[in-house]
Amino acid sequence: MYREMAGYKKGLRGRVGMLVLYIFLLLLSLCIAILLEQIFGYLLALVSVVMIFWTVNLIRVLNKNYVEMATNTAIAKERIEKYTEELQKNAFVVSKHISAFGHKFIEYRNDFAAPDNIHLWIDGENKRLAFAELLEDHFKIFDYSDIVSVDMIKDVKQVGTRDMLTVLVVQFTLKDDNFMYGIPVNDNQGFYLDTQEFATIIKQAEELVAVLNSFKEMA
C-alpha cells in the first residue's frame, strides 16, 4: 500500500505546502494593507486569495484522480485474471502476448503497479486472437479471418521548433463489430521526430501492422 500511496503523498505535501504559503501571504498582505494603509497590501491580498482557491482546487483534483486510479487499478487486476481464465476455458493456446499501457495517467504504472490496459493474445496453433481492454470491460476471442483492415494512426504536434509524435496507435477492425480496436504503441510518451527513439517506436508499430496483416492473409 505504501508504494501506491507514495506518489499521492508527495503531490499532496507539495500542494499543502503551497496552500500554507499563500495563507501566510494573505495574512501578511492584510497586515500591510490595514496597519500601513498601503494599496499594495490589498492587491497582494487579492492575488493571495486567488492562489488559495487555485491550490484548493488542485488538491481536490489530486484527490479525485487518486480515488479514480485506485478504483480502476483494482478493477484492472480483477479483470485481467478473469480474462486469463476465459482464455483457458476456451482452450486458447497463447503463443505470444502483446500489451500496451493505455491508461490516462502514468501514475497507474509508477505508483499503483497497475497492469497494462490493452492486451492482445495470439494463438498461432488455432489461428485465433484475443483482445482485451480492461477498463472498458471488453474481451473478445476471434479468428484471423475476422480481421478486415489494419491501420497505423499518428498525431504529430509542433513543440517549440521541433515536431513531436504524441499519438501512435495500431488500429484494426473486425467483421460485424463496431468496437474500436487499438493498441497504443507510444506508451503515453512523446517522441521528437528527429530522434532515434522515434525511429524505434515507428519500427515497432510497423512490425505490429505487418504481423496483423499477415494474420489476415493466412486465414
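Residues numbered from 1 in each chain as written. Predicted model: local features only at pLDDT ≥ 70, side-chain atom pairs only at ≥ 80, totals over all residues. Heavy atoms only, no water.

Trainee: It is not clear to me how the nonpolar core should be interpreted in this structure. Could you clarify?
Mentor: Across soluble globular proteins, nonpolar side chains show a tendency to be buried alongside one another. By size, the foremost hydrophobic cluster in this structure holds 28 residues, and its most contacted members are Leu-120, Leu-129, Phe-131, Val-170, Phe-172, Ile-183 and Leu-212. Looking at this core, the elements that each hand over two or more residues are strand S1 (96-100), strand S2 (118-123), strand S3 (128-133), strand S5 (147-159), strand S6 (162-174), strand S7 (177-184) and helix H4 (196-218). The element contributing the most residues to this core is H4, with 8 residues. Excluding anything up to four places from it in sequence, Leu-120 contacts Lys-96, His-97, Ile-98, Leu-129, Ala-130, Phe-131, Phe-172, Ile-183 and Leu-212. In this structure, Tyr-83, Phe-92, Trp-121 and Leu-134 belong to the second largest nonpolar core, which totals 9 residues. (Core = buried A, V, L, I, M, F, W, Y, C linked by side-chain atoms within 4.5 Å. Buried < 20%, exposed > 50% of the residue type's maximum accessible area, 1.4 Å probe, protein only. Helix = DSSP H or I, 4+ residues; strand = E, 2+ residues; numbered from the N terminus. Contact = heavy atoms within 4.5 Å.)

Trainee: What should I look at first to understand the environment of Met-180 in this one?
Mentor: Within the secondary structure, Met-180 is located in strand S7. Its relative accessible area of 52% is what places Met-180 among the exposed residues. Each C-alpha atom, one on Met-180 and one on Tyr-144, is 17 Å from the other, the two residues being 36 residues apart in sequence.

Trainee: Honestly, the pattern of salt bridges in this entry has me stumped. Any pointers?
Mentor: When charged atoms on two side chains of opposite charge get close, those side chains can pair. This structure, assessed with the given rule, holds 8 salt bridges. In this structure, Lys-82 and Asp-137 form a salt bridge, with 3.5 Å as the shortest nitrogen-oxygen distance. On the criterion of sequence distance, the pair formed by Lys-82 in helix H2 (residues 39-89) and Asp-137 in the loop between S3 and strand S4 (138-143) is long-range, its members being 55 residues apart. Between Asp-177 and Lys-140 there is a salt bridge, with the nearest N and O atoms lying 2.8 Å from each other. Of the two residues, Asp-177 is situated in strand S7 and Lys-140 in strand S4; the sequence distance between them amounts to 37 residues. For Asp-177, a relative accessible area of 17% translates into the label buried. The structure contains a network of salt bridges with shared partners spanning Arg-79, Lys-82 and Asp-137. (Salt bridge = Lys/Arg side-chain N within 4 Å of Asp/Glu carboxyl O.)

Trainee: How should the sheet that holds S2 be read in this particular structure?
Mentor: What holds strands together in a sheet is hydrogen bonding between their backbones, with the strands either parallel or antiparallel. One open sheet holds the 4 strands; their spatial order is S1-S2-S3-S4, and the pairing between them is antiparallel. Either end of the sheet is taken by a strand with one partner, and the two such strands are S1 and S4. Direction aside, the axes of adjacent strands within the sheet are offset by 15 degrees on average. Two strands pair when backbone bridges link them, and S3 and S4 are joined in this way by 6 bridges, in the antiparallel orientation. Counterpart to Glu-133 in the pairing with S4 is His-138. (Pairing = 2+ DSSP bridges. Axes fitted to C-alpha atoms, helices over the stretch in contact; angles between N-to-C directions.)

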